[in-house]
Amino acid sequence: MRLPCFTDVLRAGQTLRPHLPPTPAWSYPALDAACGAHVVVKHENVQPTGAFKVRGGLTLLATMPAAERDRGVVTYSTGNHAQSIAYAAREFRAPCTVVMPEGANESKHRAVEALGATVLLRGTTLEESATAATLLATRCGARLVSPADEPALIAGVGTAYLELLTAAPDLDVIVVPVGGGSNAAAASLVVRTLAPHIEVIGVQSDAAPAAHDSWHAGHLVERPNRTEVEGLSTGRGFALTQQLMRDGLAGFVLVSDNDIRAAQRLLLSRAHTLAEGAGAAGLAVVLGDPPRFAGRQVGIVCTGANASLDQLRSLLAA
Ligand SMILES: *Cc1c(COP(=O)(O)O)cnc(C)c1O
């Protein structure tokens, strides 16, 4: 598979311009006070799908040949990748089928159907949904879209980091949540090219450490996937994104699902920002290691806002 390069990110920026405005990057004094650092929040939670992934989906659909687009796309996802591909398929009038595990977050499921995609519930884990999606794509001649090992997704997501570095050129460190790794791979690519002095740190939940453990081991590993934080949920490392993260990340750490919930509450109370769990994971890292971040300019990417009502109820009851 071809590695995406910085020029692909610049080109994706052109592609996305008529589809998505840049998202804001704000700081909040009350949040800074709680963190002991100057924190810049990149607000991907305000994307039309409620998560950054739509940048990648639109870039991928935009670069598919028209004949391939007409045959449609099939993908598998616990939610936000699904919304991204469904949104992009609607924009480019391509048929779209999304395979989700049974028990997928209901608000995400509903959002995907509202975008006009067909949702199939198959399997109980994302890995089982992936198998079903692969079979389906082969049978109907559609393009199977991986949630991570896709150069166009990484190039598209990289545009978030072009925007962040433009809005906040003085950052010392950026903390990025990792699931399949397209987000951290994109951050690696852009930061290494434009501002190699900035540390990029990846974060995953200790209840699903496959990407973290793959990065530290230097080869792809599988791990139990028990996190409730959907965006960070994966049972394995992905080859393409791990390759880009290898040189691009200065570190890769784990936090607990509980640390993430505490960070979600802080974003609500101090930054009037609704984050789903994955969108608060970067902040959880900052809160969990004050000496590492004290007095520094820290970028965190609030990657998404798609928490279900049930998740919010239990978040606020704690
Ligand atoms: C998918 C997702 C992530 C992780 O991104 P990857 O590119 O899969 O590593 C983080 N946060 C949210 C909200 C997501 O939807």
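Remember, predicted model here, so these are calculated numbers, not experimental data.

Chemist: It is not clear to me how the packing of helix 1 (residues 6–16) against helix 8 (residues 151–167) should be interpreted in this structure. Could you clarify?
Modeler: To characterise two packed helices, one gives the angle between the axes of the helices and the distance between these axes. In the contact formed by helix 1 and helix 8, the axes pass within 8 Å of each other and the chain directions differ by 85 degrees. Classed by the angle they form, the pair helix 1 and helix 8 counts as roughly perpendicular. Contacts between helix 1 and helix 8 involve Phe6, Asp8, Val9, Leu10, Ala12, Gly13 and Leu16 from the first element and Ala155, Gly156, Gly158, Thr159 and Leu162 from the second. Considered class by class, the residues forming the contact of helix 1 with helix 8 number seven nonpolar, four polar and one charged.

Chemist: Before we go on, may I ask you to explain the pairing of strand 5 (residues 118–121) in this structure?
Modeler: Here is the key point about a regular strand: its side chains alternate between the two faces of the sheet. One ladder, built from four bridges, connects strand 4 (residues 96–100) with strand 5; its direction is parallel. Bridged to Thr97 within strand 5 is Thr118. Considered for its hand, the β-α-β crossover made up of strand 4, helix 6 (residues 106–114) and strand 5 is right-handed.

Chemist: Even after reading the chapter, I still don't get a negative patch on the surface, so can you show me in this structure?
Modeler: There is a patch of like negative charges on the surface, built from Glu102, Glu127, Glu128 and Glu222. Relative to the elements of secondary structure, Glu127 occurs in helix 7 (residues 126–140).

Chemist: Before we go on, may I ask you to explain the domain arrangement of the protein chain in this structure?
Modeler: One frequent convention defines the size of an interface as the accessible area lost when the parts assemble. Domain annotation for the protein chain reports domain 1 (6–51 + 151–317) and domain 2 (54–145). For domain 1 and domain 2, the distance between their C-alpha centroids amounts to 23 Å. In this assembly, 28 residues from domain 1 lie in contact with 21 residues from domain 2. For the pair domain 1 and domain 2, the two sides together bury roughly 2000 Å², of which 58% comes from carbon and sulfur. Considering only the surface of domain 1 that becomes buried against domain 2, His19, Thr49 and Leu153 emerge as the three largest contributors, covering 29% of it. Put simply, Glu44 and Arg55 hold a salt bridge, and the shortest N to O gap is 2.7 Å. On inspection of domain 1 and its partner domain 2, the count reaches eight residue pairs in polar contact (both at pLDDT 80 or more). Broken down by secondary-structure element, the contributors of at least two residues to the side of domain 1 that touches domain 2 are helix 1 and helix 8. By residue number, the principal contributor to the side of domain 1 that touches domain 2 is helix 8, which donates seven residues.

What counts, and where the lines are drawn
- All residue numbers refer to position in the chain's written sequence, counted from 1.
- With pLDDT at 70 or above as the cut-off, local features in this predicted model cover only qualifying residues; side-chain atom pairs require 80 or more to be listed or tallied, and sums for whole chains, interfaces and linings still use all residues.
- No hydrogens and no water enter the side-chain calculation; it runs on all heavy atoms of the structure.
- Note on geometry: axes are lines fitted to C-alpha atoms, helical ones only across the stretch in contact, with angles between N-to-C directions running from 0 to 180 degrees.
- Helix and strand definitions follow DSSP, with helices as H or I runs of at least four residues and strands as E runs of at least two, each counted in order from the N terminus.
- For this classification, under 35 degrees means roughly parallel, over 145 means roughly antiparallel, 65 to 115 means roughly perpendicular, and everything else is oblique.
- We call two residues contacting when some pair of their heavy atoms lies within 4.5 Å.
- For this classification, the nonpolar set comprises Ala, Val, Leu, Ile, Met, Phe, Trp, Tyr, Cys and Pro, the charged set comprises Asp, Glu, Lys and Arg, and every other residue, Gly included, is treated as polar.
- Should DSSP find at least two bridges between two strands, the strands are taken to pair.
- If the strands point away from the viewer and the path from the first strand over the helix to the second runs clockwise, then the crossover is right-handed.
- Patches were defined on residues exceeding 30% relative accessible area and lacking a salt bridge, with like-charge contacts within 9 Å and nonpolar side-chain contacts (Val, Leu, Ile, Met, Phe, Trp, Tyr) within 5 Å.
- All accessibility values rest on the Shrake-Rupley procedure with a 1.4 Å probe; residue burial counts only the protein chains present in the view.
- Salt bridge criterion: a side-chain nitrogen from Lys or Arg within 4 Å of a carboxyl oxygen from Asp or Glu.
- Note that His is not counted, nor are the chain ends; the positive residues are Lys and Arg, and the negative ones are Asp and Glu.
- Charge positions are represented by NZ for Lys, CZ for Arg, CG for Asp and CD for Glu.
- Either an automatic procedure or a domain database provided the assignment from which the domain bounds are taken.
- Accessible-area loss on putting two parts together, using a 1.4 Å probe and summing over both, is the definition of buried area adopted here.
- Any pair of nitrogen or oxygen atoms within 3.5 Å is treated as a polar contact; in protein, a donor-acceptor pairing is required on top of that, and neighbouring residues in sequence qualify only through side-chain atoms on both sides.

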